[in-house]
Amino acid sequence: MNISPTVMLIIVCFALAMHYMSQKLLLAKGWKSDDAKPYIRRLIINGGLIIVVAVVSLIIADSPYGLIGILLFIEGAVCLAFARKLSKK
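Residues numbered from 1 in each chain as written. Predicted model: local features only at pLDDT ≥ 70, side-chain atom pairs only at ≥ 80, totals over all residues. Heavy atoms only, no water.

Participant: Which residues make up the packing of aromatic side chains, and what are the values?
Facilitator: All told, the structure shown has one aromatic pair when counted by the stated rule. Pairing tyrosine 20 with phenylalanine 82 gives two aromatic rings, centres 5.9 Å apart and planes at 40°, and the pair type is tilted. Of this pair, tyrosine 20 sits in helix H1 (residues 5–32) while phenylalanine 82 sits in helix H3 (residues 65–87), and the two are 62 residues apart along the sequence. (Phe/Tyr/Trp six-rings, centres within 6.5 Å; stacked < 30°, edge-to-face > 60°. Helix = DSSP H or I, 4+ residues; strand = E, 2+ residues; numbered from the N terminus.)

Now the structure itself:
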């Protein structure tokens, strides 16, 4: 099955938007919780795994993997920023 780069980018953008919304909900739950450590741990794990996939995607760097890697790197950084914000609560 050969997926065109445009369709792949649309799918990745949609998936990242849904992931962002789920991480935002996780941040809100952690903000309301008395013990935010499980939420911080989950945000850090999600961010770390996404950054690893982003680095692999940037190493491959064929079209459209370079752009996908950049988008994934931004999403991973957002997850880690949410974890940092929650840890400073």
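Next comes the rest of the account.
Participant: Go over the side chain of serine 57, please, and point to the residues and values.
Facilitator: Within the element layout of this structure, serine 57 appears in helix H2 (residues 37–60). For serine 57, a relative accessible area of 7% translates into the label buried. Once residues lying within four places of it in the same chain are set aside, the contact partners of serine 57 are Tyr65, Gly66, Ile68 and Gly69. (Buried < 20%, exposed > 50% of the residue type's maximum accessible area, 1.4 Å probe, protein only. Contact = heavy atoms within 4.5 Å.)

Participant: Provide a residue-level description of H1, including the pertinent values.
Facilitator: Given a rise of 1.5 Å per residue, 28 residues ought to cover 40 Å, and the 41 Å separating the end C-alpha atoms of H1 matches this to within 8%. Of the residues making up H1, those classed as buried are Met8, Leu9, Val12, Leu16, Gln23, Leu26, Leu27 and Gly30. (Expected span 1.5 Å × (residues − 1).)

Participant: Report on the nonpolar core, specifying residues and quantitative values.
Facilitator: Core analysis: the biggest nonpolar cluster contains nine residues, these being Met8, Leu9, Val12, Leu16, Ile50, Ala54, Ile68, Leu72 and Cys79. The set of elements that each furnish at least two residues to this core consists of H1, H2 and H3. With four residues, the single largest contributor to this core is H1. When residues no more than four places from it in sequence are discounted, the contact partners of isoleucine 50 are His19, Leu72, Glu75, Gly76 and Cys79. Listed in part, the eight residues of the second largest apolar core include Leu27, Ile40, Leu43 and Leu86. (Core = buried A, V, L, I, M, F, W, Y, C linked by side-chain atoms within 4.5 Å.)

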